Amino acid sequence: LGLEIIPTVACPFDALARDRGEVFLTGVESDPRVFQGRGMVLSELSRVTGERAVMIVQDRVAKKKVGRTAVIKVSELLSTEDADKLMRLIDEREG
């Protein structure tokens, strides 16, 4: 999709994603029992840092947003053709 991805270590998020000057705190969570809490942590970090937050989750998760964190399913990410479409999806979820 053309985003720059910077993996993180020992952080409450898994990577920083950057596109056209925008930075996204990005979490990837496969356990649906844990994603709500991680989403809220990302949401608070987003509020404090002023950056946007996104969580990538398995398809069985029904939520589209946790606090300020946009929730994107793996299938949605895989079917996204370009960065613009992904940005629109994130914008919609942040609503």
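Placed above this text is the structure.
Reference entry: report on the structure contained in this document. These numbers come from a predicted model, not from an experiment.

Conventions used here
Residues numbered from 1 in each chain as written. Predicted model: local features only at pLDDT ≥ 70, side-chain atom pairs only at ≥ 80, totals over all residues. Heavy atoms only, no water. Pairing = 2+ DSSP bridges. Helix = DSSP H or I, 4+ residues; strand = E, 2+ residues; numbered from the N terminus. Contact = heavy atoms within 4.5 Å. Axes fitted to C-alpha atoms, helices over the stretch in contact; angles between N-to-C directions. Buried < 20%, exposed > 50% of the residue type's maximum accessible area, 1.4 Å probe, protein only.

1. Quick word on the sheet that holds strand β6 (residues 69-73)
So, step 1. A sheet is described by the order of its strands in space; here 6 strands give the open sequence β1-β2-β3-β4-β6-β5, paired in mixed fashion. Where the open sheet ends on each side, the last strands, each with one partner, are β1 (4-7) and β5 (65-66).
So, step 2. Pairing of β1 with strand β2 (residues 15-19), which is carried by 4 bridges, proceeds in the antiparallel orientation. Pairing of E4 across the sheet is with R18, part of β2.
So, step 3. The sheet contacts of helix α3 (residues 83-94) involve β2, β3 (22-29), β4 (52-57), β5 and β6, and relative to β6 the element is tilted by about 125°.

2. Considerations on the pairing of β6
Side-chain positions along a regular strand alternate between the two faces of the sheet.
So, step 1. With 4 of 5 residues buried, β6 lies mostly within the body of the structure.
So, step 2. Here 5 bridges tie β4 to β6, and the two strands are oriented parallel to one another. Of the residues in β6, the one forming a bridge with A53 is T69.
So, step 3. Strand direction decides the pairing type here: β5 and β6, joined by 2 bridges, are antiparallel. If you follow V66 over to β6, its bridge partner there is T69.
So, step 4. Where β5 hands over to β6, the hairpin turn is made up of 2 residues, of which G67 adopts a positive phi near 60°.

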